[in-house]
Each structure stands twice: as structure tokens, then as C-alpha cells.
Amino acid sequence: MFQALSSWLYDDDETEGDPLALLPFEAPLNNIKSWLANGDKIFEELLARLFLHNSHRTTVLLEPDHKLAMQVTKKETGRLKKLKADMSEAEITAVIEDAKELSRLQGAPDTEEALATIPRLSVSDLPRDNRPIPTEIRETSGRPLLFHDLSTNGIAYFDFGFDLSVLPDELLPYTAIFGRALTESGTAKRDYVDLSQWIARTSGGIWTQAFTSPIRDSKDAAAQLFIRTKATAEKASETAEIITEILTSAKLDNKERISRIVSEARARAEQRLVPSGHMVVATRLRAGTHKAHAMEEAMSGLSNLNFLRQLENAIKADFSIVAKHLEQIRSLLLSKSTLTINATMDSDTFTIVEPQIAEVVAALPETSVQPAERALLSLPKREGLSIPAQVNYVGKGCSVAEHGITFTGAALAVNKLIRTGYLWEKVRVQGGAYGAFCLVDRLAGSLSFVSYRDPNVEATIKAFDATADYLENITLNTDELEKSIIGAIGELDSYQLPDAKGFTALVRHLTKQDDEYLQTIREQALATTENDFRNFAKAVRIMAEHGTICVLGNEPAMEISGLNLDMQQVL
């Protein structure tokens, strides 16, 4: 899609602005294959000309300055003071009146005539039934295998999931590092470069992915480390050979590679604090509501960033301890007894691939492991996380299930209106934030509100709390109610490619969301009434009274907020 836009929007001379010009890749790819078959040195010539024999060089050095934000603020404040000093009383009054008029316009609803010009569906246009993903539960070498018979154009997608519940709390933060080490540290037979090249020329990639989620009607967590891959049927055997080698002989004592993986992970975690600060806050808020979210915080949240910083020092001090912990994880986790397999492809391809999957399973050791004891994280009730940024990420949330609230499918429709209506107006349009979110966790029974790139702190918390008043006094016309329902069904029916469908079905299986339950959720969403919005106000009221506050952002703004935050410098 983005390739099409690049030629279309900018009227590329070669493509003459044709949005489809860059999409048919088969012919150019076949040309390259034929040239290579003839022995032509395509890439060698390009590398020599553009890199090896190119004498032009540019070095750019970026040095962070934690005082820059304060300097920019001070400069802007001075500029505004000077502008005001040069203005007449009449000009100042005009600016004040313009600001008042802007505030009035921002708070005024769109007219019915303007809204009527937007084309849209009606609830009667929506399908009443969910579209189930074909799933057949089989068994391979004594382990459960979920097979999804979907057309994938001859590509085999398969995942090997290992149950993270067996890892004790002290080993859990290693999960992402361990996952990367499997594919990026080399094996007993080959180094990292050889392994990377083998993966690249054989498969569409082999990667790891950690997953955690509450289980429906349970306090337990579904937590898995997946080894994921995709390959053509003809390459499935060799791809399975790679995975077997990775799972059985990855070099977890490769200090140089492990050290680099940890440093990269730490740098990436720090880098994402600003662009993804709302997710850092949301993960932090949920960590105290369910075991699954406590695990998520330990494996990928701010707690994990602190762990990675300590791990860098531990590697320098005594790497043998770190290597020992990684080996402990391998012995606990990579076992037949913790394994669930997922396969997404058509039946003909599966017939070819299934024996290769069985070979991977057969190579794993058979060990007896038990789930580790797990506790919720104990975090400050009002937490301020300081980073050098001019904006804030403001959040408040709690477990409403502890107060007897159960979310139905109608919560999806209510949530849609809150996000695109009330929060949009109060936090984004009037408050100046880039965005705001209402996060409903049906499985854990938690509710969170989070803002994105927000100039405010206390005002946003007050807007979150006032959502209860808004819902208790809401009066909806048919159009507003229908738009909320359509938005909710749109999220339930979001478009997915076949591999994503297969993985979604796996997640539903692990979290015990069967087709009957999902159909119930859909029917509840379709049947949403104005009364459901008022009932949702009870959950928001509980969050307002008992919720935990977390703010990531500008320290001076947090200090003057009046929220009495427990401050911690993060960056």
C-alpha cells in the first residue's frame, strides 16, 4: 500500500503517477533470479560501487541533553512575554476573546445537517453471526496441535508455544532476551552469521514472540513464548531442521552476542518511552489487576527496563551467572510437556508439513515441570515517572471486577463512544492532547484511561473521573447509538490475513474464548441500549474513586499538578 502511495501521491516520473506500478513484483524478481542463474554479479557490483569504492562519507553524532526541554520551554516563555509586552490592551483583549471563541467552538457539537453528510452503515447492515476461524484440535507426538485449514498460497505458518507459567519470578524478566538468544547467538554447529544466513535463505523468517493474557473466568494467565516461522512447503523440512537446532543447541553462553542483545533491548526500551509512553503507562496500571498483566510488566514494561539496566552490569561483573540463568530457562521451558503447536495452511500443505513438525517435537526433552507461584506487583498508588519530554502520558485505572463489575459485549459500544466522543472532545480537542483511550479488559475485569502526548496532568485526571457524570446523564439519539454499535462490531470483525487469523484462533483457544462465548459478546454489542451506557458509569465511578494514577512525562508539570505523585526518574 505504501509503495503505491509513493508513486501516486508524488507523481513519480518513471511510473507516471500509477498507484499500481510498484505492486506487480513477480516480473522484476524473476529477472533477478535469471541474472543470478547466469552468474551475473548484480549485488556485488552495487556493493563495490556504492560502498567499497565510494569515498564520500558523512558522520553524524547525536548527543542527548537532558536540559534541552527546559531550555526550549524557557526560550518559548520569554518569546511569549516579549510578544505580549509589545501588544496593546486592545490586541490582548482580542486574543483573549479569540481564545474564548475557540473554546466555545471546540465544545459545541456538530450540527445534525453536517453529520448527515457523512455516509455510513446502519446496524441492520451488520452480520448477526461471528465468522468462526476453522480450527481442528489434533495431536502430534503426544502434544496438542491446532490446525487451521486456510488458503495461504502454499505458505506454511507454524508456531511452537512454550508455557511461561513454569518460570519463577526471578527468571521471567529474561524472557525476551532468552527468545532473541535462541535465534541470534548461534548454535553448537554454526555461529550467528551462518545461522542468520541459513534462516534467510530457507524460510520467511524465524522469530520469537512473548504473549500473556488473562484466561476467561479465571485468575490464571495464559502465557507463552512462541517460536514462529513461515516457509514454503518445499522448504518446510529444512526450516524444521533449523528450529530443532535452535531449540536444542542455541549458544546461550555466547557472552559477546548476549551482551549485544541486552544492550540493544535496553536502548530500544528507552527509545520507546516517548513514542509509546501511553502503552508504558497502560501496562503499569494493569500490572496490579491480574497475574497475566503482572507478567507482562515484568517481561516488557518499565520493570523490565530497570532489569535490563541491571543485567548489563551483571554481564560485565560475572557473565557466568547470567549464562546459568539462561540455561535454567532452557531446561524449564523448552520441553514437550510445555508445548502447544499451531499450524495455519491449506490441508495439502499440512500433509507435507506435519511430519516435519513431528520431528521438531520428537527432538525436545521430556521433563516434568510445575507452574511457578505468582504474585501481583505492588506499585505506588500515585506514580510519577520522569523523562525529558515536554508532553505527558497520563493514566488512571483499576480492577473493577473486585467491586462486582462484569463487562458484557455492550461495553465495546460504550467504549467506542467514550473514545471517539467524550475523550476526544475533553482531552484532545479542548485539552490539547494528541489522543486519549478507554481500555476495557473483559477477561481481567479492569478499566483504564490513558492519554497520549498530553500537555496536561491534573486536568486530564479530572476529565477521566468526570466520564462517570457524562455517562449517568447521557441522552443518545438513534444515530449516535448506532454509530457506537457499528464501531464495536468493526473492531470485532477487523480484517486479518490468514496467518493472523490462525494466530488469533490460537489466542482464543489459550484464553478459553470459544465460538459460543464470542457469539454472545457480539449479540450483546448489537443489542446495546442507552441503559448500558448508564450502567457502564458504575465501572467508571469505581475507577474514579479507587483507581491508581500513573503519569510518565515532564517532571515540573507533575510536581505542580497537585496529585502528590511518588516521583521516580526513569530517563
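Residues numbered from 1 in each chain as written. Predicted model: local features only at pLDDT ≥ 70, side-chain atom pairs only at ≥ 80, totals over all residues. Heavy atoms only, no water.

K.L.:
Would you mind showing me how to read the overall build of the chain here?
P.N.:
If you tally the helices and strands in the chain, you get 22 helices and 12 strands. Taking 25 Å as the expected radius of gyration for a compact globule of 571 residues, we find that the chain reaches 27 Å, a close match to that expectation. Reported as C-alpha extents along the three principal axes, the dimensions of the chain are approximately 80 × 65 × 60 Å. For the chain, the residues scored as buried account for 43% of the 571 residues in total. Across the chain, the fraction of contacts at a sequence separation of at least 24, relative to all contacts at a separation of at least 6, is 81%. For the chain, the distance from the average position of its 61 positive side-chain charges to the average position of its 80 negative side-chain charges is 5 Å. (Helix = DSSP H or I, 4+ residues; strand = E, 2+ residues; numbered from the N terminus. Rg over C-alpha atoms; globule rule 2.2 N^0.38 Å. Buried < 20%, exposed > 50% of the residue type's maximum accessible area, 1.4 Å probe, protein only. Contact = heavy atoms within 4.5 Å. Lys, Arg positive; Asp, Glu negative; His and termini not counted. Charge placed at Lys NZ, Arg CZ, Asp CG, Glu CD.)

K.L.:
Sorry, what's going on with the layout of surface pockets here?
P.N.:
Left-over empty space is what a probe sized like a water molecule reveals as it rolls over the atoms. Of the pockets and cavities examined, the largest pocket occupies roughly 1500 Å³. Broken down by secondary-structure element, the contributors of at least two residues to the lining of the largest pocket are β4 (206–214), α12 (291–300), α15 (410–429), β9 (435–441), α18 (478–492), α19 (498–510) and α20 (515–526). A class-by-class count of the residues in the lining of the largest pocket yields 16 nonpolar, 10 polar and 11 charged. Taken as a whole, the second largest pocket spans an internal volume of roughly 1100 Å³. Lining the second largest pocket are 29 residues, and of these Asp 110, Leu 115, Gly 421, Glu 480 and Lys 483 sit closest to its centre. Per element, the largest residue contribution to the lining of the second largest pocket is 8 residues, and it comes from α15. Split by residue class, the lining of the second largest pocket holds 13 nonpolar, 7 polar and 9 charged. (1 Å grid on protein atoms, 1.4 Å probe; cavity = no way out; pocket = protein on both sides within 12 Å on 5 of 7 lines; lining within 4 Å. Points joined across faces, edges and corners; volume = space filled by probe spheres on them. Nonpolar A, V, L, I, M, F, W, Y, C, P; charged D, E, K, R; others polar.)

K.L.:
In this structure, what is going on with the nonpolar core? I would like to understand it.
P.N.:
Inside soluble globular proteins, nonpolar side chains tend to come together where they are buried. Counting residues in hydrophobic clusters, the biggest one holds 62 residues, and the most contacted among them are Phe 160, Phe 162, Phe 178, Leu 247 and Leu 333. Here this core gets 10 residues from one element, more than from any other, and that element is helix α13 (residues 302–333). Beyond its immediate chain neighbours, meaning those up to four positions away, Phe 162 contacts Ala 223, Gln 224, Leu 225, Ile 227, Leu 247, Leu 333, Leu 334, Ser 335, Thr 338, Leu 339 and Leu 364. (Core = buried A, V, L, I, M, F, W, Y, C linked by side-chain atoms within 4.5 Å.)

K.L.:
For this particular structure, what's the right way to read the packing of α15 against helix α21 (residues 530–546)?
P.N.:
Each pair of packed helices can be described by the angle between their axes along with the distance between the axes. Relative orientation of the contacting elements α15 and α21 amounts to 80°, with a least axis distance of 9 Å. On the basis of their axis angle, the class for α15 and α21 is roughly perpendicular. Judged by residue contacts, Ala 410, Ala 411, Ala 413, Val 414, Leu 417 and Ile 418 of α15 engage Asp 532, Phe 533 and Phe 536 from α21. Here the contact of α15 with α21 is built from residues that sort into 8 nonpolar, no polar and 1 charged. (Axes fitted to C-alpha atoms, helices over the stretch in contact; angles between N-to-C directions. Parallel < 35°, antiparallel > 145°, perpendicular 65-115°, else oblique.)

K.L.:
Would you mind going over α21 with me for this structure?
P.N.:
Residues three or four positions apart in an α-helix share a direction because the helix packs 3.6 residues into each turn. When the terminal C-alpha atoms of α21 are compared, their 25 Å separation across 17 residues agrees well with the 24 Å that a helix rising 1.5 Å per residue should span. Taken together, the buried positions of α21 are occupied by Phe 533, Phe 536, Ala 537, Ala 539, Val 540, Ile 542, Met 543 and Ala 544. (Expected span 1.5 Å × (residues − 1).)

K.L.:
Even after reading the chapter, I still don't get the pairing of strand β6 (residues 339–345), so can you show me in this structure?
P.N.:
Within a regular strand, the side chains alternate between the two sheet faces. In terms of burial, β6 is a largely internal element, 7 of the 7 residues being buried. Alternating positions in β6 separate into two faces, Leu 339, Ile 341, Ala 343 and Met 345 on one and Thr 340, Asn 342 and Thr 344 on the other, with burial throughout. Where strand β2 (residues 143–149) lies against β6, 5 bridges are found, and the strand directions are parallel. Bridge pairing links Leu 145 to Ile 341 in β6. (Pairing = 2+ DSSP bridges.)

K.L.:
I keep staring at the packing of α15 against α18 and nothing clicks. Help me out?
P.N.:
Contact geometry of α15 with α18 gives a least axis separation of 8 Å together with a crossing angle of 110°. Accordingly, the angle class assigned to the pair α15 and α18 is roughly perpendicular. For the pair formed by α15 and α18, the contact residues are Leu 412, Ala 413, Lys 416, Leu 417 and Arg 419 on the first element and Ser 484, Ile 485, Gly 487, Ala 488, Glu 491 and Leu 492 on the second. A class-by-class count of the residues in the contact of α15 with α18 yields 6 nonpolar, 2 polar and 3 charged.

K.L.:
Please clarify how empty space enclosed by the protein should be interpreted in this entry.
P.N.:
In total, this model carries 1 cavity of 30 Å³ or more according to the counting rule given. Taken as a whole, the largest cavity holds about 50 Å³ of empty space. Around the largest cavity sit Ala 269, Arg 272, Leu 273, Val 280, Ser 300, Gly 301, Leu 302 and Leu 305, which together line it. For the lining of the largest cavity, a count of residues per class yields 5 nonpolar, 2 polar and 1 charged.

K.L.:
I keep staring at the packing of aromatic side chains and nothing clicks. Help me out?
P.N.:
What characterises a pair of aromatic rings is the spacing of the ring centres plus the angle enclosed by the ring planes. In this structure the tally under the stated criterion is 10 aromatic pairs. Considering the side-chain rings of Phe 449 and Phe 464, the 5.4 Å spacing of their centres and the 45° angle between planes classify their relative orientation as tilted. Taken together, the residues Phe 449 in strand β10 (residues 446–452) and Phe 464 in helix α16 (residues 458–465) connect sequence positions 15 residues apart. In textbook terms, an aromatic cluster arises when at least three aromatic residues are bridged by ring pairs, as seen for Phe 211, Phe 226 and Phe 503. In this arrangement the basic side chain of Arg 257 is found over the ring face of Tyr 192, its NZ or CZ atom lying 3.8 Å from the centre. (Phe/Tyr/Trp six-rings, centres within 6.5 Å; stacked < 30°, edge-to-face > 60°. Lys NZ or Arg CZ within 6 Å of the ring centre and 35° of its normal.)

K.L.:
Would you mind showing me how to read the side chain of Arg 522 here?
P.N.:
Mapped onto the secondary structure, Arg 522 falls in helix α20. Residues in contact with Arg 522, not counting those within four places in the same chain, are Pro 127, Arg 128, Asp 129, Asn 130, Ile 489, Leu 492 and Asp 493.

K.L.:
Just checking my understanding: could you explain the pattern of salt bridges for this structure?
P.N.:
Opposite charge on two side chains permits them to pair, given that their charged atoms come into close proximity. Counted under the stated rule, the structure contains 33 salt bridges. Two residues, Glu 45 and Arg 49, come together in a salt bridge whose shortest N-O distance is 3.0 Å. Taken together, the residues Glu 45 and Arg 49, both in helix α3 (residues 42–52) and 4 residues apart, mark about one turn of the helix. A relative accessible area of 40% means that Glu 45 is categorised as partly exposed. Notably, a salt bridge pairs Glu 297 with Arg 284, separated by 2.6 Å at the nearest N-O pair. Of this pair, Glu 297 sits in helix α12 while Arg 284 sits in helix α11 (residues 277–286), and the two are 13 residues apart along the sequence. Look at the salt bridges and you will find they share partners, linking Arg 180, Glu 184, Arg 257, Glu 264 and Arg 268 into a network. (Salt bridge = Lys/Arg side-chain N within 4 Å of Asp/Glu carboxyl O.)

K.L.:
I'm lost on the sheet that holds strand β11 (residues 548–553) in this one. Help?
P.N.:
Strand pairing within a sheet occurs via backbone hydrogen bonds; the two strands may be parallel or antiparallel. Strands sit in the order β9-β10-β8-β11-β7-β12 across an open sheet of 6 strands; the sheet is mixed. A strand with exactly one partner marks an edge of an open sheet, and here the two such strands are β9 and β12 (566–569). Here the strands of the sheet are splayed against their neighbours by 15° on average, with no regard to which way each runs. Note: strand β8 (residues 393–399) against β10, 5 bridges, orientation antiparallel.

K.L.:
I would appreciate a short explanation of the environment of Leu 423 in the present structure.
P.N.:
The topology assignment puts Leu 423 in helix α15. Here the alpha-carbon distance between Leu 423 and Arg 257, two residues 166 residues apart in the chain, equals 45 Å. If we skip the residues at most four places from it in the chain, Leu 423 touches Ile 418, Arg 428, Ala 436, Phe 437, Cys 438, Phe 449, Phe 464 and Thr 467.

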